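Here's the letter readout for the chains.
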Amino acid sequence: MRKMLTIISNVLRGSASRNGAELVSEKCDLHKLEEGPPLQAVLTREEGLQYYRTMQTIRRMELKADQLYKQKIIRGFCHLYDGQEACAVGIETGINLSDHLITAYRAHGYTLTRGGTVREIMAELTGRRGGIAKGKGGSMHMYTKHFYGGNGIVGAQVPLGAGVALACKYLGNNEICVCLYGDGAANQGQIFETYNMASLWKLPCIFICENNKYGMGTSVERAAASTDYYKRGDFIPGLRLDGMDVLCVREATKFAAEHCRSGKGPILMELQTYRYHGHSMSDPGVSYRTREEIQEVRSKSDPISMLKDRMLSNNMASVEELKEIDVEVRKEIEDAAQFATTDPEPPLDDLCNHIFYNDPPMEVRGTNPWTKLKSVS
Amino acid sequence: MFYIRVTVRDALNQAMDEELERDERVFLLGEEVAQYDGAYKVSRGLWKKYGDKRIIDTPITEMGFAGIAVGAAMAGLRPICEFMTFNFSMQAIDQVINSAAKTYYMSAGRQSVPIVFRGPNGASAGVAAQHSQCFAAWYGHCPGLKVVSPWSAEDARGLLKSAIRDDNPVVFLENELMYGVPFEMSEESQSKDFLIPIGKAKIERQGNHITVVSHSRMVSLCLDAAAVLAKEGIECEVINMRTIRPLDAEAIETSVMKTNHLITVEGGWPQFGVGGEILARIMEGPAFNYLDAPAVRVTGVDIPMPYAKILEDNSVPQIKDIIFSVKKTLNA
């Protein structure tokens with residue numbers, strides 16, 4: 001594998017180096033694994049531009065959501081993903097759209113990478129009929145094909161993800177399930193129950209812990225007796241890597257996916273990452289961590305800056321090109337925000353719909369005995 | 001007419017066997033369902049016939065395996081998730097409610113969850129407080145769930161088949177004391193496509209003087225009480241609810257408008273229970289004006305289930321309690 005990468009990179013170096021570059025990363029921490037993902041990876045220009053665009057889209061989308069929330073156009077819970085973009089983008093590039101993914105409530109980025117549009121994500125946040133869940137789900141309950149949300153109960157998504165993996169194995173379709181959770185959720189009992197069954201039954205499940213150092217306002221040291229989340233699967237092999245490096249995440253995901261597809265059972269990845277915002281929009285995020293810490297991550301480890309610097313220093317793109325992408329992204333976000341603020345709210349007729357699938361229409365009791373509402377599938 | 005005698009256990013077993021055969025996506029998971037043949041032998045023979053892929057023994061981890069079952073349903077399979085008793089479902093209740101019941105709504109119809117949660121519910125014999133709770137009211141409270149409570153072997157067969165074929169989460173409340181009880185089953189009911197619709201009650205015994213509504217094992221007691229009362233000239237109309245949610249209020253109302261009297265009979269606790277819901281609906285609906293006496297509930301005693309036989313016997317409705325309540329209502 002390594003040899004092949006070196007050869008490819010030599011070929012690339014020979015031709016115009018704008019087409020790609022061989023990049024080197026640090027070795028991952030390994031648990032019960034002899035070998036980890038390759039230390040060298042090829043990033044083509046197209047890939048670089050695509051990753052840049054997607055990460056920037058997530059970044060700007062989340063910042064726009066922040067704005068709209070402060071204007072009270074978005075309400076309720078809103079958990080923003082800015083800072084963690086390399087995780088969602090890197091993971092998606094390591095799997096196929098035909099694979100499956102499930103995560104917790106910090107889900108806007110994944111909704112996008114799994115095929116949602118910015119428009120329908122933002123319209124869901126503003127609770128409009130054009131939202132990806134017609135306004136009925138909100139921030140934490142967005143779904144697309146092979147993306148099972150968006151889950152509000154901490155840790156509950158992990159057994160669900162293993163169940164999706166069970167279906168993949170049962171149906172023999174060579175698909176896998178990526179099952180995400182945070183450092184806070186990592187202490188949940190049901191996750192250990194899931195590790196046990198996934199391992200016993202060799203389910204094709206990649207467990208991924210997005211360790212952003214804080215579960216709400218509780219730092220990892222104050223929540224976990226062992227913060228080596230990649231080892232917490234015990235009998236499940238694990239790896240820990242830099243979640244701010246989109247290429248690292250990609251290579252590790254490819255490695256993990258191969259492990260699952262080859263029938264070896266589950267594997268665990270810990271992505272060390274960081275969120276710039278507080279836990280949610282009601283958390284300023286500075287009572288349990290310092291502004292200096294946040295600033296340091298921004299200046300030294302920002303995932304988008306890191307990719308940008310790499311591409312520029314390897315002559316894979318020009319400053320102007322990247323600026324142009326920024327402009328396009330900004331426009332896309334503006335258009336989406338415009339849609340999200342002008343699209344009408346769902347019709348009241350929709351209130352009781354979608355209780356049951358494939359059922360004849362039924363009556364639902366309203367707030368009083370004289371109000372009988374209609375429900376269709 | 002051709003009848004065969006089938007126990008509730010065998011009816012459940014046959015129903016699962018036929019549905020496993022009919023649809024490859026159907027599978028059963030739970031504790032001891034495979035090699036042990038089921039803690040109560042309901043899944044006897046299924047593992048031998050269908051193997052490890054379709055009959056899966058789980059570790060004792062309800063929250064985990066219920067979640068796995070729900071995830072499998074989301075991804076296109078049709079799991080039957082057995083809880084050894086519904087008391088243990090409390091460990092997993094978040095997966096039943098938040099992951100299964102609510103998802104179709106939250107996703108505005110994108111994500112359906114075709115799953116059956118089944119197992120014995122309510123009081124057994126001598127198993128004491130932690131193993132005797134009735135969950136009909138708790139699950140019956142939640143939109144997005146269908147909650148079924150069969151009584152007879154025919155109920156068990158037809159309703160379980162319907163539950164498995166239903167594309168939505170169904171909580172299927174069996175009763176351990178009924179497993180071994182044989183019932184006559186018609187030839188028609190032996191058809192592989194014999195289905196009983198979820199949401200429709202059945203009148204087990206016609207009568208003109210009072211409506212007696214019940215579900216699960218208590219239906220037996222109601223019929224026994226009705227037989228005793230008939231000797232005194234009191235004719236009870238006994239309604240077997242079959243489904244807790246959606247509740248067949250219309251069947252009950254039609255009956256009350258005929259008999260002018262109503263009692264409900266359940267094994268569960270009185271507060272916020274199945275009977276409470278029925279009475280509220282009667283108050284709010286057209287049948288209220290037909291009542292000649294207040295409708296009342298016969299329920300389990302409002303205590304945790306004791307162990308000693310004399311105490312346990314007096315913790316759930318007995319035939320004499322039903323007879324007493326009928327007479328009090330008619331003399332009101």
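Presented here is an overview of the structure given in this document.

The rules behind these values
- Residues numbered from 1 in each chain as written.
- Chains lettered and ligands numbered in written order.
- Predicted model: local features only at pLDDT ≥ 70, side-chain atom pairs only at ≥ 80, totals over all residues.
- Heavy atoms only, no water.
- Pairing = 2+ DSSP bridges.
- Helix = DSSP H or I, 4+ residues; strand = E, 2+ residues; numbered from the N terminus.
- Axes fitted to C-alpha atoms, helices over the stretch in contact; angles between N-to-C directions.
- Contact = heavy atoms within 4.5 Å.
- Phe/Tyr/Trp six-rings, centres within 6.5 Å; stacked < 30°, edge-to-face > 60°.
- Buried < 20%, exposed > 50% of the residue type's maximum accessible area, 1.4 Å probe, protein only.

**Brief notes about the sheet that holds strand S7 (residues 170–174) of chain B**
All names here are of chain B.
Logical step 1: Reading across from one edge, S3-S2-S4-S5-S7-S6-S12 is the order of the seven strands in this open sheet, with mixed pairing throughout. The sheet is open, and its two borders are formed by strand S3 (55–57) and strand S12 (243–245), each paired with just one other strand. Sheet twist, expressed as the mean angle between neighbouring strand axes with direction ignored, is 20°.
Logical step 2: Taken together, the two bridges between strand S6 (residues 146–148) and S12 define a ladder with antiparallel strand orientation. Looking at S12, one finds that Val148 is bridged to Thr243.
Logical step 3: Here helix H3 (residues 62–74) sits on the sheet and contacts strand S2 (26–30), strand S4 (78–82) and strand S5 (116–120); the angle it forms with S4, its principal contact strand, is near 165°.
Logical step 4: The strands that helix H7 (residues 153–165) touches are S2, S4, S5, S6 and S7; relative to S7, the one it contacts most, it runs at about 160°.

**With respect to the sheet that holds strand S5 (residues 177–182) of chain A**
All names here are of chain A.
Logical step 1: Spatial ordering of the open sheet is given by S2-S9-S10-S6-S5-S4, a layout of six strands whose pairing is mixed. Each end of this open sheet is capped by a strand with a single partner; those strands are strand S2 (29–31) and strand S4 (100–102). Within the sheet, the average angular offset between the axes of one strand and its neighbour, ignoring direction, is 20°.
Logical step 2: One ladder, built from six bridges, connects strand S6 (residues 205–211) with strand S10 (residues 267–272); its direction is parallel. Within the sheet, the bridge partner assigned to Asn211 lies in S10 and is Gln272.
Logical step 3: The strands touched by helix H7 (residues 189–200) within the sheet are S5, S6 and S10, with S6 carrying the most contacts at an inclination of about 150°.

**Describing the packing of aromatic side chains**
Logical step 1: Within the structure shown, the criterion is met by 15 aromatic pairs over all chains.
Logical step 2: Ring plane angle 65° and centroid distance 5.5 Å describe the contact between A:Tyr81 and A:Tyr110, whose orientation is recorded as edge-to-face. You can see A:Tyr81 sitting in the loop between helix H2 (45–70) and helix H3 (85–94) and its partner A:Tyr110 sitting in helix H4 (residues 108–113), a full 29 residues away along the chain.
Logical step 3: A residue is classified by how much of its surface remains accessible, and A:Tyr110, at 0% relative accessible area, is buried.
Logical step 4: On the basis of an interplanar angle of 10° and a centroid distance of 5.8 Å, the ring pair of B:Phe83 and B:Phe117 is categorised as stacked. Taken together, the positions of B:Phe83 in the loop between S4 and helix H4 (93–101) and B:Phe117 in strand S5 put the pair 34 residues apart, joining distant regions of the chain.

Functional significance is not addressed by these values, which are geometric in nature.
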